[in-house]
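Letter by letter, the chains look like this.
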Amino acid sequence: MIQETSILPVQSVYPIDNLLITAEILHEDPLIVRFGNVLSDEECQALIDAAAPRMKRSKLANKEISPIRTSSGIFFEANESPLIIEIEKRTSSLMHVPLSHAEGLQVLHYAPSQEFKAHYDFFGHNHPSSQNNRISTLIMYLNDVEEGGETTFPNLEISVKPVKGSALYFEYFYNDPKLNELTLHCGLPVIRGEKWVANQWMRKQQFR
Ligand SMILES: O=C(O)CCC(=O)C(=O)O
Ligand SMILES: [Fe+2]
C-alpha cells in the first residue's frame with residue numbers, strides 16, 4: 001500500500017496553549033492517535049455542567065432516533081461561551097484544521113447499557129452533507145468510566161479506554177477509500193458508571 005499524507009503531522013508532543021499535549025500513535029494508515037493532557041479536570045467538569053441541562057436523545061446523521069445510537073447529546077453553538085471558544089481554538093490547533101472548518105462542539109452522555117454501535121463519522125455520498133464532508137474526529141473523554149465504554153475499531157483491533165482529559169484522534173480524508181473505511185468504530189456499552197465525551201468534527205471546507 002502506498003502511504004498517504006496525513007492531515008496531522010506526526011509528533012510525540014504538541015505544544016499548544018501553554019500545554020504539552022502528548023501523543024501515542026495507535027495506527028499509521030489510517031492515522032489514529034491517543035492524546036494525553038488535552039483538557040484539564042476543571043475544563044472537563046465545566047463542559048459537563050454546561051451540557052447537562054440541555055441533553056437530548058442522540059440521532060443518527062439522517063436525523064433518526066435509532067438503537068444504533070442510544071446516548072443523549074447536545075451541539076454547542078460556535079463561539080457560544082468563553083469556555084467553548086477556548087476549547088474550539090485548542091482542538092483546531094491540535095487537529096491542524098482551521099477553526100472555520102469546525103462543526104460546533106458536541107457533548108454526549110452514556111448511562112449504563114448505552115452505546116454507539118459500529119459506524120463511520122463521514123457521510124455517505126448520497127447524504128447532502130457529503131458535499132462538505134467530515135475529514136477528522138477528536139473524541140475528548142470528560143470522565144473516567146468504571147467499566148465499559150471503550151471506543152473500539154473492530155477492523156483494527158484497537159480499543160481505547162476513556163481516561164478523563166485524554167482524547168482519541170482519527171482522520172479519513174484519504175484518497176484510498178479502504179483507508180477511510182478502516183475508521184469504522186464503536187462506543188461500547190457502558191457497564192458501570194457513566195460516560196461523558198466531547199466530539200469535535202472537522203469538515204473539508206469552510207463550515208462556519
Ligand atoms: O463514545 C464513543 O466512544 C464514540 C463516539 C462516536 O463515535 C461518535 O459520537 O461519533
Ligand atoms: Fe463516531
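Conventions we followed
- Throughout this document, residue positions are counted from 1 along each chain, in the order its sequence is written.
- Following the order in which they are written, the chains are lettered starting with A and the ligands numbered starting with 1.
- It should be noted that, the model being predicted, local features are given only for residues of pLDDT at least 70 and side-chain atom pairs only at 80 or more, the latter also being counted only at that level, while totals for whole chains, interfaces and linings use all residues.
- Side-chain metrics rest on all non-hydrogen atoms present in the structure, leaving aside hydrogens and water.
- Counting from the N terminus, the helices are DSSP H or I runs at least four residues long and the strands are E runs at least two residues long.
- Both definitions apply: the radius of gyration is a C-alpha atom measure, and the globule rule equals 2.2 Å times residues to the power 0.38.
- The classification of residues rests on relative accessible area computed with a 1.4 Å probe and restricted to protein chains. Under 20% of the type maximum is buried, over 50% is exposed, and intermediate values are partly exposed.
- Computed by Shrake-Rupley with a 1.4 Å probe, the accessible areas treat only the displayed protein chains as cover when residues are assessed.
- Only nitrogen, oxygen and sulfur atoms within 2.8 Å of the metal, or 3.2 Å for Na, K and Ca, are treated as donors, and water is left out, so sites may look incomplete.
- Both site types are read off a 1 Å grid over the protein atoms alone. A 1.4 Å probe that fits but cannot get out defines a cavity, while an open set with protein on both sides within 12 Å along at least five of seven lines defines a pocket; lining residues have an atom within 4 Å of a point.
- Grid points are joined across faces, edges and corners, and a volume is the space filled by probe spheres set on the points.
- Residue classes follow a fixed rule: Ala, Val, Leu, Ile, Met, Phe, Trp, Tyr, Cys and Pro count as nonpolar, while Asp, Glu, Lys and Arg count as charged, and any other residue, Gly among them, counts as polar.
- Being near a molecule or strand, for a residue, means having at least one of its heavy atoms within 4 Å of it.
- Pairs of N or O atoms are called polar contacts if they sit within 3.5 Å, as long as, within protein, a hydrogen donor faces a hydrogen acceptor (for residues adjacent in sequence, only side-chain-to-side-chain pairs).
- A molecule is said to be in a cavity or pocket once over half of its atoms fall within 2 Å of that pocket's grid points.
- What a helix is expected to span follows from its residue count: subtract one and scale by 1.5 Å.
- An arc is given here, and it is the one of the directions from the helix axis to the C-beta atoms.
- In this analysis, two residues are considered to be in contact whenever any of their non-hydrogen atoms come within 4.5 Å of each other.

Under an unreviewed UniProt entry, the name given to the chain is Proline hydroxylase, and the source organism is Brevibacillus invocatus.

**Student:** So what's going on with the overall build of the chain? Residues and values would help.
**Tutor:** Helix and strand counts for the chain stand at three helices and 15 strands. Taken against the 2.2 N^0.38 rule, which gives 17 Å for 208 residues, the C-alpha radius of gyration of the chain at 16 Å falls within 12% of a compact globule. Here the chain holds 208 residues, and 49% of them are scored as buried. Total accessible area on the chain stands at roughly 10000 Å², and carbon and sulfur atoms take up 53% of it.

**Student:** Describe the coordination of the iron ion (ligand 2), with residues and values.
**Tutor:** Around the iron ion (ligand 2), the protein supplies H119 (NE2), D121 (OD) and H185 (NE2) as donor atoms, at distances of 2.0 to 2.1 Å. Going along the chain, you hit the donors of the iron ion (ligand 2) in the pattern H-x1-D-x63-H. With H119 in strand β7 (residues 116-119) and H185 in strand β13 (residues 185-187), the pair connects residues that are 66 residues apart, well separated along the chain. Its relative accessible area of 2% is what places H185 among the buried residues.

**Student:** Let's hear about the layout of surface pockets: which residues, and what values?
**Tutor:** One water molecule sets the probe size; rolling that probe over the atoms shows where empty space is left. The space that makes up the largest pocket amounts to roughly 810 Å³. Every residue lining the largest pocket is counted, 29 residues in all, and those nearest its centre are K59, L60, A61, R69 and R134. Looking at the lining of the largest pocket, the elements that each hand over two or more residues are β4 (56-57), β5 (72-75), β7 and β15 (195-203). Residue classes in the lining of the largest pocket are distributed as 12 nonpolar, seven polar and 10 charged. Approximately 330 Å³ is the volume attributed to the second largest pocket. Elements with a minimum of two residues in the lining of the second largest pocket: β8 (134-141) and α3 (177-181).

**Student:** I'd like to hear about empty space enclosed by the protein, residue by residue, with values.
**Tutor:** Counting across every chain of the model gives one cavity of 30 Å³ or more. Size it by volume and the largest cavity reaches roughly 140 Å³. Along the wall of the largest cavity there are 16 residues; nearest its centre are Y110, F116, H119, I139 and H185. Among the secondary structure elements, those contributing two or more residues to the lining of the largest cavity are β6 (106-110), β7, β8, β13 and β15.

**Student:** Tell me about the site of ligand 1, residues and numbers included.
**Tutor:** Taken together, 13 residues lie near ligand 1, and Y110, T151, H185, K195 and N199 sit nearest. A distance of 2.9 Å separates an oxygen atom of ligand 1 from a polar atom in the side chain of H185. Surface burial for ligand 1 is 99%, taken as the share of its 290 Å² of free accessible area covered by protein chains. More than half of the atoms of ligand 1 fall within 2 Å of the grid points belonging to the largest cavity. Elements supplying a minimum of two residues to the shell around ligand 1: β6, β7, β13 and β15. In terms of residue class, the shell around ligand 1 is built from five nonpolar, five polar and three charged.

**Student:** Lay out helix α2 (residues 82-95) in plain terms, naming residues and giving numbers.
**Tutor:** Compared with the 20 Å implied by 1.5 Å per residue over 14 residues, the 20 Å span of α2 between its first and last C-alpha is a close match. Of all the residues in α2, the buried ones are I84, I87, E88, R90, T91, S92, L94 and M95. In the segment just after α2, H96 is the residue with positive phi, at about 60 degrees.

**Student:** Give me the lowdown on unusual backbone geometry, citing residues and values where you can.
**Tutor:** Here the bond from D29 into P30 is cis, since omega is 5 degrees, no more than 30 degrees from zero. Along the polypeptide, P30 turns up in the loop between β2 (19-27) and β3 (32-36). The phi torsion at D17 lies on the positive side, around 55 degrees, for a residue other than glycine. D17 gets classed as partly exposed once you look at its relative accessible area, which sits at 38%.

**Student:** Report on helix α1 (residues 41-51), specifying residues and quantitative values.
**Tutor:** Turning to α1, its buried residues are E43, C44, L47, I48 and A51. Summarising the axial view, the buried residues of α1 lie within an arc of 135 degrees, below the 170-degree limit, and thus occupy one face. Turning to α1, the residues buried within the fold contact β5, α2, β6, β8 and β15.

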